[in-house]
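Overview (structure and organization)
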Amino acid sequence: MSEPVIGNLMSGHINVFVVCPADAIERSGAMSFSLSRIDDRGESRPFPIIVVRTFGNDYFGYVNRCPHQSVWLNIGSGTFFSADRSFLRCGRHGARFEIDTGMCIDGPCDGQSLEPVALAVIEGDVCLCGVKLLEDDRFGNPFGNSDETMDVTIHPD
């Protein structure tokens, strides 16, 4: 990840972090990213996000957390979308969210919203704006110690 700083008349600068190349996410697709955000005390906190690319080539970003029980949207099935791909969907409880607003329209968190994150496409890269991230080139385990996944080891025969 790189951290260009973009000028802003109000605050002096905005932190901008490159998340991925814009074309790495196919149209009508989504990708999750496990980032680390620096909080007000300077401590690193997990910051899982999803980036959705619409068929019309718009990008939307949300914290990957269902407002109902704070689980990842793609927990269990590993997918983000309803069967017809017209809504984001919580894999645990089936809540459906509008892609462009994050508003829950059906499910146990009806009327609540996903937490949006500010994105911009800059020079062909999807960038996260306004969040202080910990830069780390190591690849972490995106599933942590979740009981919703299993370890698979492949051995050659």
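Okay, so let's go over this structure. Every value quoted in this text rests on a predicted model; they were computed, and no experiment measured them. (Residues numbered from 1 in each chain as written. Predicted model: local features only at pLDDT ≥ 70, side-chain atom pairs only at ≥ 80, totals over all residues. Heavy atoms only, no water.)

Pairing between sheet strands relies on hydrogen bonds along the backbone, with the strands arranged either parallel or antiparallel. Strand order in the open sheet formed by 3 strands is β6-β7-β8, and the pairing between neighbours is antiparallel. For this open sheet the edge positions go to β6 (87-89) and β8 (104-106), each flanked by a neighbour on one side alone. On average, adjacent strands in this sheet sit at an angle of 40 degrees to one another, irrespective of strand direction. Alignment of β6 against strand β7 (residues 96-98), held across 3 bridges, turns out to be antiparallel. Each residue of the ladder has a partner; that of F87, found in β7, is E98. (Pairing = 2+ DSSP bridges. Helix = DSSP H or I, 4+ residues; strand = E, 2+ residues; numbered from the N terminus. Axes fitted to C-alpha atoms, helices over the stretch in contact; angles between N-to-C directions.)

Moving on, we come to the environment of H13. Secondary-structure assignment places H13 in strand β2 (residues 12-21). A relative accessible area of 42% places H13 in the partly exposed class. Considered as a pair, H13 and G130 are 117 residues apart in the sequence and their alpha carbons are 9.0 Å apart. (Buried < 20%, exposed > 50% of the residue type's maximum accessible area, 1.4 Å probe, protein only.)

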